[in-house]
Amino acid sequence: MNFIAIIGIVDKLSKSTTNNNHTLRIKVEKSAFNHTDEEWYDIVNVNLDKEIFQTEMNSISKGCIIGVKGRAQWINKQMRLIGEKVQIF
């Protein structure tokens, strides 16, 4: 089964002009981190299809809490996370 679920804080939304995909950069809390470490989060990039998530794209802004369900996929010899469902909290 190819399944990912991510909940985090939107850090940046990058809109692509060459295709219908947008990249959503999300800050995700680390499951275990050293309290002396200042960075409590990891950055995760998720690709979203503009056509599917057109309504959600208008509501997404930096700092909002978001949940993404999706899958991992190899694209151009790189592992990408593809969003299939988005929930804005």
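Please refer to the structure higher up on the page.
Residues numbered from 1 in each chain as written. Predicted model: local features only at pLDDT ≥ 70, side-chain atom pairs only at ≥ 80, totals over all residues. Heavy atoms only, no water.

*Asks:* So what about the overall build of the chain? Which residues, and what values?
*Replies:* A tally of regular secondary structure across the chain gives one helix and five strands. The order of helices and strands in the chain, counted from the N terminus, is β-β-β-α-β-β. For 89 residues, the compact-globule estimate of 2.2 N^0.38 gives 12 Å, and the C-alpha radius of gyration of the chain, at 13 Å, lies within 12% of that figure. For the chain, the proportion of its 89 residues judged to be buried stands at 27%. (Helix = DSSP H or I, 4+ residues; strand = E, 2+ residues; numbered from the N terminus. Rg over C-alpha atoms; globule rule 2.2 N^0.38 Å. Buried < 20%, exposed > 50% of the residue type's maximum accessible area, 1.4 Å probe, protein only.)

*Asks:* Outline the pairing of strand β5 (residues 78–88), supporting the account with residue identities and numerical values.
*Replies:* Note that strand β3 (residues 41–49) and β5 share two bridges and pair parallel. Directly across from asparagine 47, in β5, lies its bridge partner isoleucine 82. Bridging between strand β4 (residues 65–75) and β5 involves ten bridges; their strand directions are antiparallel. Note on β5: the bridge partner recorded for glycine 67 is glutamine 87. Joining the antiparallel neighbours β4 and β5 is a turn of two residues, in which asparagine 76 adopts a positive phi near 50 degrees. (Pairing = 2+ DSSP bridges.)

*Asks:* Can you lay out the pattern of salt bridges for me, pointing to particular residues and giving the numbers?
*Replies:* For the structure shown, the criterion picks out four salt bridges. Here arginine 25 makes a salt bridge to aspartate 11, at a shortest N to O gap of 2.4 Å. Within this pair, whereas arginine 25 is found in strand β2 (residues 21–29), its partner aspartate 11 is found in strand β1 (residues 4–15), the two being separated by 14 residues in sequence. Take arginine 25: its relative accessible area is 31%, and that puts it in the partly exposed class. The salt bridge partner of lysine 69 is glutamate 84, with a shortest N-O separation of 3.4 Å. Of the two residues, lysine 69 sits in strand β4 while glutamate 84 sits in strand β5, which places them 15 residues apart along the sequence. For glutamate 84, a relative accessible area of 38% corresponds to the partly exposed category. Taken together, the shared-partner salt bridges in this structure form one network comprising Asp11, Arg25 and Lys27. (Salt bridge = Lys/Arg side-chain N within 4 Å of Asp/Glu carboxyl O.)

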